[in-house]
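# Observations on chain architecture
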Amino acid sequence: MAFGTGHHPTTALCLTCIADLHREGAIAPGMQYLDLGTGSGILGIGLAKLGLTGLGLDIDPQAIACADENAGINNVAENFKVAVGGINSLPADKTFQVIVANILSKPLIFMAKDILSHLAPGGCLALSGILVEQAPDVIRAYERLGLPAPVQRNEGEWCGLLWTNVAVDAGKNAESVEA
Ligand SMILES: C[S@@+](CC[C@H](N)C(=O)[O-])C[C@H]1O[C@@H](n2cnc3c(N)ncnc32)[C@H](O)[C@@H]1O
């Protein structure tokens with residue numbers, strides 16, 4: 001019932017980002033991640049398989065039931081916990097070294113400040129669910145909060161954006177961005 005078989009370009013773009021981060025040594029076992037909009041749990045399961053520990057959040061209870069079941073089937077239930085909720089369900093001071101969010105451009109713009117407030121200094125951020133034509137708006141929203149230009153990968157009409165080693169103060173002193 002949940003989105004995330006791995007065949008959709010946006011999921012594949014996120015998995016490519018995760019594989020690249022792993023190959024480059026930017027993510028490593030023991031790090032903590034947030035999979036926002038976890039759907040089937042596919043991205044969180046991938047990160048857990050690489051030895052990271054994380055949390056999957058989704059506003060859809062059916063998706064969370066599915067992600068929970070998939071975490072068990074894939075033997076990562078110890079390292080990948082899931083819960084119903086959005087970014088605002090997290091404690092204000094909770095940070096993650098890796099955040100992946102495959103949602104849509106508008107919510108990613110709307111949540112930019114909240115997402116960055118949960119990214120640990122030097123952390124990695126991978127966003128997808130973004131149409132190529134909407135990428136400039138998403139990039140602008142995150143640049144306004146202090147991030148540099150991301151690495152952008154396109155697949156058909158979809159794209160993924162990746163920032164690595166995000167600076168300590170990114171997003172901390174900026175105003176919220178209008179969706
Ligand atoms: C495109 S699917 C991505 C699923 C999976 N992460 C993947 O990459 O294949 C987006 C998911 O985000 C969830 N979602 C939408 N808006 C959300 C929000 N504001 N906070 C958390 N989850 C959200 C949806 O319920 C859906 O399961």
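Everything below is about the structure printed above this text.
These lines cover the structure that appears in this document, whether it is placed above or below. What you see is a predicted model, and the numbers here were worked out from it, not measured in a lab. (Residues numbered from 1 in each chain as written. Predicted model: local features only at pLDDT ≥ 70, side-chain atom pairs only at ≥ 80, totals over all residues. Heavy atoms only, no water.)

Once that is clear, we can look at the environment of serine 89. Turning to its location among the elements, serine 89 is positioned in the loop between strand S3 (80-84) and strand S4 (96-102). For the pair serine 89 and leucine 57, spaced 32 residues apart in sequence, the C-alpha to C-alpha distance is 8.8 Å. There is a polar contact of 2.6 Å between the side chain of serine 89 and the backbone oxygen of glycine 86. (Helix = DSSP H or I, 4+ residues; strand = E, 2+ residues; numbered from the N terminus. Polar contact = N/O pair within 3.5 Å; in protein donor to acceptor, adjacent residues only side chain to side chain.)

With that settled, the discussion passes to the sheet that holds strand S6 (residues 151-155). Taken in spatial order, the seven strands of this open sheet run S3-S2-S1-S4-S5-S7-S6, and their pairing is mixed. The sheet is open, and its two borders are formed by S3 and S6, each paired with just one other strand. This sheet shows a mean twist of 15° between the axes of neighbouring strands, independent of strand direction. Relative to strand S5 (residues 119-131), S4 runs parallel, the two being bridged by six bridges. Of the residues in S5, the one forming a bridge with isoleucine 99 is leucine 125. Each of S4, S5, S6 and strand S7 (158-163) is contacted by helix H1 (residues 9-24), which is oriented at about 140° to S6, the strand it contacts most. Relative to strand S1 (residues 32-36), helix H2 (residues 42-49) is tilted by about 165°, and along the sheet it contacts S1, S3 and S4. (Pairing = 2+ DSSP bridges. Axes fitted to C-alpha atoms, helices over the stretch in contact; angles between N-to-C directions. Contact = heavy atoms within 4.5 Å.)

All of the buried residues in helix H6 (residues 135-144) are Ala135, Val138, Ile139, Ala141 and Tyr142. Buried positions in H6, seen along its axis, are confined to an arc of 155° and lie on one side of it. At its buried positions, H6 is contacted by helix H4 (105-110), helix H5 (112-117), S5, S6 and S7. Immediately downstream of H6, the backbone of glycine 146 shows phi near 105°, a positive value. (Buried < 20%, exposed > 50% of the residue type's maximum accessible area, 1.4 Å probe, protein only. Arc of directions from axis to C-beta.)

Turning to helix H3 (residues 61-73), a few remarks are in order. Helix length check: H3 (13 residues) gives 18 Å between terminal C-alpha atoms against 18 Å at 1.5 Å per residue, within 8%. For H3, the set of buried residues is Ala63, Ile64, Cys66, Ala67 and Ala71. The buried residues of H3 occupy one face: seen down the axis, they fall within an arc of 160°. Projecting away from the buried face of H3 at angles above 90 degrees are the exposed residues Pro61, Glu69 and Ile73. (Expected span 1.5 Å × (residues − 1).)

Attention shifts here to the nonpolar core. Where a protein is soluble and globular, its nonpolar side chains tend to be buried together. Counting 30 residues, the largest nonpolar core has Leu34, Ile115, Leu125, Leu127 and Tyr142 as the members making the most contacts within it. The set of elements that each furnish at least two residues to this core consists of S1, strand S2 (53-58), S4, H4, H5, S5, H6 and S7. It is H6 that provides the largest number of residues to this core, a total of five residues. The contacts of leucine 125, once residues within four sequence positions are left out, are Ile99, Ile115, Leu116, Leu119, Tyr142, Leu147, Leu161, Leu162 and Trp163. If you look at the next biggest cluster of nonpolar residues, it comprises 23 residues, including Tyr33, Ile64, Val82 and Cys124. (Core = buried A, V, L, I, M, F, W, Y, C linked by side-chain atoms within 4.5 Å.)

Following the criterion strictly, the structure yields three salt bridges and no others. Aspartate 20 is the partner of arginine 153 in a salt bridge, and the nearest nitrogen-oxygen pair spans 2.2 Å. With arginine 153 in strand S6 and aspartate 20 in helix H1, this pair connects stretches of sequence that are 133 residues apart. When its relative accessible area of 10% is taken as the criterion, aspartate 20 is described as buried. Where arginine 140 meets aspartate 137, a salt bridge forms, and the shortest distance between an N and an O atom there is 3.0 Å. Taken together, the residues arginine 140 and aspartate 137, both in helix H6 and three residues apart, mark about one turn of the helix. Of the residues examined, aspartate 137 reaches a relative accessible area of 40% and is grouped as partly exposed. (Salt bridge = Lys/Arg side-chain N within 4 Å of Asp/Glu carboxyl O.)

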